[in-house]
Structure formats: C-alpha cells, structure tokens
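Listed below, chain by chain, are the residues.
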Amino acid sequence: MAKLENEIQYNATMQRIEELLKVVDNNTLPNDKNYIELTLLSNLAADYEDEHFPVKKPSLIELIRLRMFEMKISQCALAKLLGISSSRISEILSGKAEPTLKQARVISSKLNISPDIVLGV
C-alpha cells in the first residue's frame, strides 16, 4: 500500500498505530517488525492527514487576538502597549487595514509574533 485512499483505511491505520504504540517504546530496536510497521503506518497516516486535514498558518488577526487573550488585555490596552491608535487597532483587527511596516515591527516585537506572519509572508 503506497497511499491511504479513504477514511476507512485511515481509521483502520490509526487503530493499528494505537495497538503498536502499546508494544513499541524508546528501547525497541529499529529492526523490530513492530517498530518498522509503526514507522510505515505513521508515515502513511501523516501523508493522509497532510492531504485531507491541512493545518493552515494562523492569520495575523487570529494571533493578535490570541495574544490579547493570553495577556488578558483589551483592545484599548493593546493600542497603548503598541503605541498605535485605538481606531487603527480596530481597523487591523477587523481586517479593514494592514499594519504599516513600522507598526508590523512593533506588533512582532511586543507580541512576540513571527515577522513572517505579521508581514504575510
């Protein structure tokens, strides 16, 4: 089997992986048949998941809101922290505007968000 073709195969593979995880541990030798089977099935499952359940990069808005939640701060407090007007923060969080390069640097630095995400790269 080179590829999992459907959800039934995927579910059966996941069930077998669960069974194998009970007998394979960090001390299992790489040439053990269970270790080999676990590795092959894990790779098949990962490929299926990449194709059918892709994980997209979070948006800047999602990450800013997450940081606000983690820091327990309001939109007004965020504006003060970043030195950006409340109305501009509102525009950014509603998707009506993109941060300027200067604002992007501040957002990246103060909220610890990757510059790639802030710049949309």
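Look up: the structure comes first, before these words.
None of these values were measured; they are calculated from a predicted model.

### With respect to helix 6 (residues 101-111)
- The complete set of buried residues in helix 6 reads Gln-103, Ala-104, Ile-107, Ser-108 and Leu-111. What you see down the axis of helix 6 is that its buried residues fit within an arc of 135°, all on one side. When the buried face of helix 6 is taken as reference, the exposed residues oriented beyond 90 degrees from it are Leu-101, Lys-102, Arg-105 and Ser-109.
- Structurally, helix 6 contributes buried residues whose contacts are with helix 3 (60-71), helix 4 (75-82), helix 5 (86-93) and helix 7 (115-118).
- Where helix 6 terminates, the next one or two residues include Asn-112, which has phi positive at roughly 55°.

### Examining the nonpolar core
- Membership of the largest hydrophobic core comes to 17 residues, with the highest contact counts inside it found for Ile-64, Leu-78, Leu-82, Ile-89, Ile-107, Leu-111 and Ile-113.
- The set of elements that each furnish at least two residues to this core consists of helix 3, helix 4, helix 5, helix 6 and helix 7.
- Leaving out residues up to four positions away in the same chain, Leu-111 has contacts with Ile-64, Arg-67, Met-71, Leu-78, Leu-81, Leu-82 and Val-106.
- In this structure, Leu-4, Ile-17, Leu-20 and Leu-41 belong to the second largest nonpolar core, which totals ten residues.

### Section: the pattern of salt bridges
- Evaluated as defined, the whole model comprises six salt bridges.
- Across the salt bridge formed by Lys-3 and Glu-51, the nearest N and O atoms sit 3.5 Å from each other. Separated by 48 residues along the polypeptide, Lys-3 in the segment before helix 1 (7-21) and Glu-51 in helix 2 (residues 33-52) bring together distant segments of the chain.
- Given a relative accessible area of 46%, Glu-51 falls into the partly exposed group.
- One salt bridge connects Glu-91 with Arg-88, and the closest N-O pair in it is separated by 3.5 Å.

### Remarks on the packing of aromatic side chains
- Going through the model one piece at a time under the given rule, you end up with three aromatic pairs.
- An aromatic cluster of at least three residues, connected via ring pairs, comprises Tyr-10, Tyr-48 and Phe-53.

### Here's the deal with the environment of Leu-38
- If you trace the backbone, Leu-38 turns up in helix 2.
- Sequence separation between Leu-38 and Thr-13 is 25 residues, and the spatial gap between their C-alpha atoms is 9.6 Å.
- Not counting residues up to four positions away in its chain, the partners in contact with Leu-38 are Ile-17, Leu-20, Leu-21 and Val-24.

### Observations concerning the environment of His-52
- Here His-52 is to be found in helix 2.
- Given a relative accessible area of 38%, His-52 falls into the partly exposed group.
- Sequence spacing of His-52 and Asn-31 is 21 residues, and the spatial spacing of their C-alpha atoms is 31 Å.

### Re a nonpolar patch on the surface
- A surface patch of nonpolar side chains, about 260 Å² in accessible area, is lined by Tyr-35, Ile-36 and Leu-40.
- For Ile-36, the position within the fold is in helix 2.
- Note on Ile-36: relative accessible area 38%, which makes it partly exposed.

### Some points on the side chain of Arg-67
- As for its position among the elements, Arg-67 is in helix 3.
- Arg-67 has contacts with Leu-111, Asn-112 and Ile-113, leaving out every residue within four places of it along the chain.

The rules behind these values
Numbering of residues starts from 1 in every chain and runs along the sequence as written. Since the coordinates come from a predicted model, pLDDT governs what is reported: local features require at least 70, and pairs of side-chain atoms require 80 or more to be given and counted, while whole-chain, interface and lining totals use all residues. Where side-chain values are given, they derive from all heavy atoms of the structure, hydrogens and water being excluded. Three exposure classes are used, based on accessible area relative to the maximum for each residue type with a 1.4 Å probe and protein chains only: buried under 20%, partly exposed in between, and exposed over 50%. Segments assigned H or I by DSSP are reported as helices when at least four residues long, segments assigned E as strands when at least two residues long, and all are numbered from the N terminus. The arc under discussion is defined with respect to the helix axis, by the directions toward the C-beta atoms. Whether two residues touch is decided by their heavy atoms; if any such pair falls within 4.5 Å, the residues are in contact. To qualify as a nonpolar core, a set must consist of buried Ala, Val, Leu, Ile, Met, Phe, Trp, Tyr and Cys residues joined through side-chain atoms within 4.5 Å. Note on definitions: salt bridges are taken to be side-chain nitrogens of Lys or Arg within 4 Å of carboxyl oxygens of Asp or Glu. Between rings of Phe, Tyr and Trp, where Trp is taken as its six-membered ring, a pair exists when centres lie within 6.5 Å; planes separated by under 30 degrees are stacked, by over 60 edge-to-face, and by other angles tilted. Candidate patch residues must exceed 30% relative accessible area and have no salt bridge, after which like charges are joined if within 9 Å and Val, Leu, Ile, Met, Phe, Trp or Tyr side chains if within 5 Å. The method behind every accessible area is Shrake-Rupley, applied with a 1.4 Å probe, and residues are considered shielded solely by the protein chains displayed.

Note that every value here comes from positions in space, so none of it alone points to a role or purpose.
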